[in-house]
Amino acid sequence: SVSPQAAWCELPSRVLLVLTSQRGVQMYDADGSTMVFWHALDVPELPAAHSVFARGIAAAGGRFVCVGTSFGAVLVFDIPPKGTNVTLSEVLEQHRDPITDMAAEQGQAPDGAGDLVTADDSGTLCLWSSGEEFALLGKIPGSGCTCSSVALWNGIVAAGYGNGQIRLWEAGSGRIRAQLSAHARWIYAIDLAPLTGKLLSGAEDSFVHVWKLSRDPDTDDIEVQHCHAECVTDTQVCGARFCDPAGDTFAVTGYDLSEILCYGPA
């Protein structure tokens, strides 16, 4: 079964807690007390072996919340500044495989780079520009290896894969700029600290790594520096997130772990 996902979606006018599951999409006020919206998944004509679920959540364009589905569609919800009048404004249909993750720009996107990236089970990435209508800016074909987690920062797409690799792409051109053999097992979590460009990766190999991304001011090349490694003993890491915009602290959890472990400066 597919685990439910939860994400804080910060829009200029309000913060929503968005949950996805095999039944659909739920949106709550920030304190979790009031359900703002519920969207049940329409079940397309699929063979019985196909499960139906929503997965991948991102706030984009200042007023939209985007959610992925197992049939490859990205649902775009238009969020009012207040109240419950949420509408499904658009369905983006470029992926042929289940959506795995998506991310909105966390820094300052270069011209033409777009502000949303979506990923699927085949490893295909789609780059979008948000607006009244979302525009597809580019598609990076998959190589058959699942892209399990993505982040977007200053026009750099950081993508984690089932083979333990992290690949860095230019969001404007779709060119690959770096490839890291980061983990020995499936990567389940990628996060970026918007103030510093620190990149967090967590995987089934029980390791969490912190990297630092930057651009060479002369060549515009993407540079990667390894900053820190943490082994969470006997734990398959399935979730990892920075706890502050500078990336000085991070939280980790794993399968069969009822705790959230927090790490910070010594």
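Bear in mind that the values here come from a model prediction, so they are computed numbers and not experimental data. (Residues numbered from 1 in each chain as written. Predicted model: local features only at pLDDT ≥ 70, side-chain atom pairs only at ≥ 80, totals over all residues. Heavy atoms only, no water.)

J.: Quick one: what's the story with the overall build of the protein, residue by residue and with numbers?
T.: What the protein contains, in helices and strands, is 0 helices and 23 strands. For a compact globule of 266 residues, the expected C-alpha radius of gyration is about 18 Å, and the protein comes in at 18 Å, within 12% of that figure. Its C-alpha atoms put the protein at 45 × 45 × 40 Å along the principal axes. The buried share among the 266 residues of the protein stands at 51%. Across the protein, every contact between residues at least 6 apart in sequence was considered, and the portion connecting residues at least 24 apart equals 42%. For the protein, the computed accessible surface area is about 12400 Å², with 48% contributed by carbon and sulfur atoms. (Helix = DSSP H or I, 4+ residues; strand = E, 2+ residues; numbered from the N terminus. Rg over C-alpha atoms; globule rule 2.2 N^0.38 Å. Buried < 20%, exposed > 50% of the residue type's maximum accessible area, 1.4 Å probe, protein only. Contact = heavy atoms within 4.5 Å. Areas by Shrake-Rupley, 256 points an atom, 1.4 Å probe, with all protein chains shown as cover.)

J.: Tell me what's going on with the UniProt feature "repeat: WD" (unreviewed entry) in the protein, and back it up with residues and numbers.
T.: The sites that UniProt annotates as "repeat: WD" (unreviewed entry) are residues 180–221. Along residues 180–221 the backbone is 0% helical and 57% strand, and the end-to-end C-alpha distance reaches 15 Å. (UniProt positions renumbered as here; feature names shortened; annotations may be inferred.)

J.: How would you explain the side chain of Thr 124 if you had to name every residue and give the values?
T.: Position of Thr 124 relative to the elements: it lies in the loop between β10 (116–120) and β11 (125–129). Residue classification places Thr 124 among the buried residues on the basis of a relative accessible area of 13%. Among the polar contacts listed, one links the side chain of Thr 124 to the side chain of Ser 122, at a separation of 3.1 Å. Engagement of the side chain of Thr 124 in a polar contact is seen with the backbone nitrogen of Gly 142, the distance being 3.2 Å. Apart from the residues within four sequence positions on either side, Thr 124 is in contact with His 95, Thr 118, Ala 119, Lys 139, Ile 140, Pro 141 and Gly 142. (Polar contact = N/O pair within 3.5 Å; in protein donor to acceptor, adjacent residues only side chain to side chain.)

J.: Residues and numbers for the sheet that holds strand β16 (residues 176–181), please.
T.: If you trace the 4 strands from one edge of the open sheet to the other, you get β13-β14-β15-β16, paired in antiparallel fashion. Of all strands in the sheet, those with a lone pairing partner are β13 (147–153) and β16, marking the two edges. Each adjacent strand pair in this sheet contributes to an overall mean axis angle of 15 degrees, direction not counted. Where strand β15 (residues 165–170) lies against β16, 5 bridges are found, and the strand directions are antiparallel. Counterpart to Gln 165 in the pairing with β16 is Ser 181. (Pairing = 2+ DSSP bridges. Axes fitted to C-alpha atoms, helices over the stretch in contact; angles between N-to-C directions.)

J.: How would you explain the nonpolar core if you had to name every residue and give the values?
T.: In terms of nonpolar packing, the biggest core is built from 19 residues, with Val 18, Met 27, Val 65, Val 67, Phe 77, Ile 79 and Val 86 touching the most fellow members. When contributions to this core are tallied by element, the ones reaching two or more residues are β2 (15–20), β3 (24–29), β4 (35–40), β5 (54–60), β6 (64–69) and β7 (74–78). Leaving out residues up to four positions away in the same chain, Val 67 has contacts with Val 18, Thr 20, Val 25, Ala 54, Gly 56, Ala 73, Val 74, Leu 75, Phe 77 and Met 102. Core analysis: the next-biggest nonpolar cluster, separate from the first, contains 17 residues, Ile 156, Leu 168, Ile 187 and Ile 190 among them. (Core = buried A, V, L, I, M, F, W, Y, C linked by side-chain atoms within 4.5 Å.)

J.: Any chance you could break down the environment of Leu 192 for me, citing the residues and the numbers?
T.: With respect to the helices, strands and loops of the structure, Leu 192 is situated in strand β17 (residues 187–193). Relative accessible area serves as the criterion here: at 4%, Leu 192 is assigned to the buried category. Counting along the chain gives 55 residues from Leu 192 to Leu 137, while the straight-line C-alpha distance between them is 22 Å. Residues within four places of Leu 192 in sequence aside, it is in contact with Ala 151, Leu 152, Trp 153, Ala 158, Gly 197, Lys 198, Leu 199, Leu 213 and Phe 242.

J.: An account of the pattern of salt bridges is requested, with residue identities and associated values reported.
T.: Per the counting criterion, the structure on display carries 9 salt bridges. Between Arg 14 and Asp 29 there is a salt bridge whose closest N-O contact spans 3.7 Å. Here Asp 29 lies in strand β3 and Arg 14 lies in the loop between β1 (5–10) and β2, a separation of 15 residues in the sequence. Of the charged contacts, one joins Asp 121 and Arg 55 as a salt bridge, the two residues approaching to 3.9 Å between their closest N and O atoms. Residue Asp 121 is found in the loop between β10 and β11, and its partner Arg 55 is found in strand β5; the two are separated by 66 residues along the sequence. Residue classification places Arg 55 among the buried residues on the basis of a relative accessible area of 18%. Salt bridges sharing partners connect three or more residues here, namely Glu 170, Arg 177, Arg 215 and Asp 221. (Salt bridge = Lys/Arg side-chain N within 4 Å of Asp/Glu carboxyl O.)

J.: Please set out the state of the cysteines residue by residue, giving values where relevant.
T.: Enumeration over the complete set of coordinates arrives at 0 disulfides. The thiol sulfur of Cys 231 is not disulfide-bonded, and the nearest other cysteine sulfur, from Cys 238, lies at 15 Å. Cys 262 supplies the cysteine sulfur nearest to Cys 238, a cysteine that is in no disulfide, at a spacing of 14 Å. On the basis of relative accessibility, which here comes to 28%, the residue Cys 238 falls in the partly exposed class. (Disulfide = S-S within 2.5 Å.)

J.: How would you explain the sheet that holds β11 if you had to name every residue and give the values?
T.: If you walk across this open sheet you meet the 4 strands as β9-β10-β11-β12, and the pairing is antiparallel. The outermost strands of the open sheet, each flanked by one partner alone, are β9 (99–104) and β12 (135–140). Neighbour-to-neighbour, the strand axes of the sheet open up by a mean angle of 20 degrees, direction not taken into account. In this sheet, β11 lies alongside β10 in antiparallel orientation, the contact comprising 4 bridges. Each bridged residue has a counterpart across the sheet, and for Ala 119 the counterpart in β11 is Leu 125.

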